[in-house]
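# Observations on the three-dimensional arrangement
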Amino acid sequence: MGNIVTTLIIFAVIIIIHELGHFTAAKLSGVRVNEFSLGMGPALLRLGKGETQYVLRAFPIGGAVSMEGEDDQSADGRAFCNKPLPPRIIIIVAGALMNLLLGFAILVGVTMNGNYVASNTIAQFEENAATAQSGLQAGDTILRINGRSVWVESDIVYELTRDEDGVVDMLVRRGGENLILRGVAFDFREQALVIDFKVQAQPKTFGTVLGYAGRKTASIARIVWLSLGDLLTGRASVHDLAGPIGMTQVVGQVRKIGWASLFTLAAFISINVGVFNLLPIPALDGGRLVFLLIEAVRRGKRINPEHEAYVHMAGFAAVILLMVFVTFNDIMGLFGR
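Here is a short report on the structure shown in this document.

Quick notes on the rules
- Residues numbered from 1 in each chain as written.
- Predicted model: local features only at pLDDT ≥ 70, side-chain atom pairs only at ≥ 80, totals over all residues.
- Heavy atoms only, no water.
- 1 Å grid on protein atoms, 1.4 Å probe; cavity = no way out; pocket = protein on both sides within 12 Å on 5 of 7 lines; lining within 4 Å.
- Points joined across faces, edges and corners; volume = space filled by probe spheres on them.
- Helix = DSSP H or I, 4+ residues; strand = E, 2+ residues; numbered from the N terminus.
- Nonpolar A, V, L, I, M, F, W, Y, C, P; charged D, E, K, R; others polar.
- Axes fitted to C-alpha atoms, helices over the stretch in contact; angles between N-to-C directions.
- Parallel < 35°, antiparallel > 145°, perpendicular 65-115°, else oblique.
- Left-handed = near helix turned anticlockwise from the far one by under 90°.
- Contact = heavy atoms within 4.5 Å.
- Buried < 20%, exposed > 50% of the residue type's maximum accessible area, 1.4 Å probe, protein only.
- Pairing = 2+ DSSP bridges.
- Phe/Tyr/Trp six-rings, centres within 6.5 Å; stacked < 30°, edge-to-face > 60°.
- Lys NZ or Arg CZ within 6 Å of the ring centre and 35° of its normal.

So, on to empty space enclosed by the protein. For the structure shown, the criterion picks out one cavity of 30 Å³ or more. Computed from the structure, the largest cavity encloses a volume of approximately 100 Å³. As for the largest cavity, its lining consists of E70, F80, R88, I92, R288, F291, L292, E295, R302, I303 and E308. Taken together, the elements giving at least two residues each to the lining of the largest cavity come down to α2 (85-112) and α8 (285-297). Broken down by element, the residue count for the lining of the largest cavity peaks at four residues, all from α8. Across the lining of the largest cavity, the residue classes break down as five nonpolar, no polar and six charged.

Axis separation between helix α5 (residues 206-233) and helix α7 (residues 259-277) bottoms out at 9 Å; the angle between their running directions is 55 degrees. As far as their axial angle goes, α7 and α5 are oblique. Of the two possible hands of crossing, α5 and α7 adopt the one that is right-handed. Across the interface between the two elements, T217, I220, A221, I223, V224 and W225 from α5 touch F268, I271, N272 and V275 from α7. Tallied by class, residues from the contact of α5 with α7 come to eight nonpolar, two polar and no charged.

Looking now at the pairing of strand β4 (residues 141-145). Within β4, four of the five residues are buried, which leaves the element mostly enclosed by the surrounding structure. With four bridges joining them, β4 and strand β6 (residues 167-174) adopt antiparallel strand pairing. Residue R144 lies in a different strand from β6, and its bridge partner there is L171. The pairing of β4 with strand β5 (residues 148-149) spans two bridges and is antiparallel. Residue pairing for β5: R144 is matched across the bridge by S149. Linking β4 to β5, which pair antiparallel, is a turn of two residues; within it N146 sits at a positive phi near 50 degrees.

Bringing the environment of T217 into the picture now. Counting through the fold element by element, T217 comes out in helix α5. For the pair T217 and H22, spaced 195 residues apart in the sequence, the C-alpha separation amounts to 21 Å. Those residues in contact with T217 that sit more than four places away from it in its chain are L100, F104, L107 and I271.

Looking now at the packing of aromatic side chains. One pass over the structure, following the stated rule, counts six aromatic pairs. Pairing F23 with F36 gives two aromatic rings, centres 5.3 Å apart and planes at 85 degrees, and the pair type is edge-to-face. Taken together, the residues span a long stretch of sequence, with F23 in helix α1 (residues 2-28) and F36 in strand β1 (residues 33-49) at a distance of 13 residues. The two residues F23 and F36 agree in class, both being buried. A ring pair is formed by W259 and F263, whose centres lie 6.4 Å apart and whose planes are at 40 degrees; its orientation type is tilted. Placement of the pair is W259 and F263 together in helix α7, with a separation of four residues, close to one helical turn. Residue class for W259 comes out exposed when judged on its relative accessible area of 60%. Grouping aromatic residues by their ring pairs yields a cluster made of F23, F36 and Y54. When the ring centre of W151 is taken as reference, the NZ or CZ atom of R222 above it lies at 3.8 Å.

What follows is the structure in structure tokens.
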């Protein structure tokens, strides 16, 4: 039960922050907001204040900010459709940006409460370390692995998990110069790749904390795109996707590790939600953004709102089907398939 409650709290905060982004941007732009709702399905509670209805719905997934003239034409001067293009774009992307900011803020807090700020510079090796025998040295700062930039120490782990044979090429900074190391080999123990060195700790300062949190946010956002690419290319399977049940299991596992790991997971989920919502998929914020950008290219000539609504409806149906699939996948996983 504790895992379920914790998961619901994490998702509730992420959804509220997302919808508040849209809501605040709309209000500041002078757009009439008809409804601010949390959840999906039948309404459990309605509170009316001014022009906006605040609604709590039955199923604790998702939320919505319903604006006048968002999906159709309206004669109201405060309707979304009658506002200039720049504020409409800001309103659409504000939810995702708030999720990215939330993830960044959480990472700042986690980093501030840690004992140090991790770096990408090697401090020391284990005894008989394979990587040291392959050319790595203490004091090397790892800049790239297999051509991809390393922004934070967790990128080292991520890139190595993507590698098939444990032998990688690295770009390191050594003695003020960049050096390419070919064929850096890592050991395998019990069929798991082992990182046989530790990285140096940086002192906690205002600059190092903000810098690390910013790079970590960018790193997580990049992982989302890379994971999507892996799904499209077949490198990863759709069966690897986790739904609400799967996330509850993950939250339970991370809770046992500690609060810092749990908050880091919450940041990861929030950044995931932000990036995912900006994907050019109909019904998502990114899909709506595409239509606004098309309007900009067409110099203000908007695509027929009815046609756009059909596209978003199809996208919404596809997203619902995906949610059903991953939930079914989670259930099957509980029974070991």
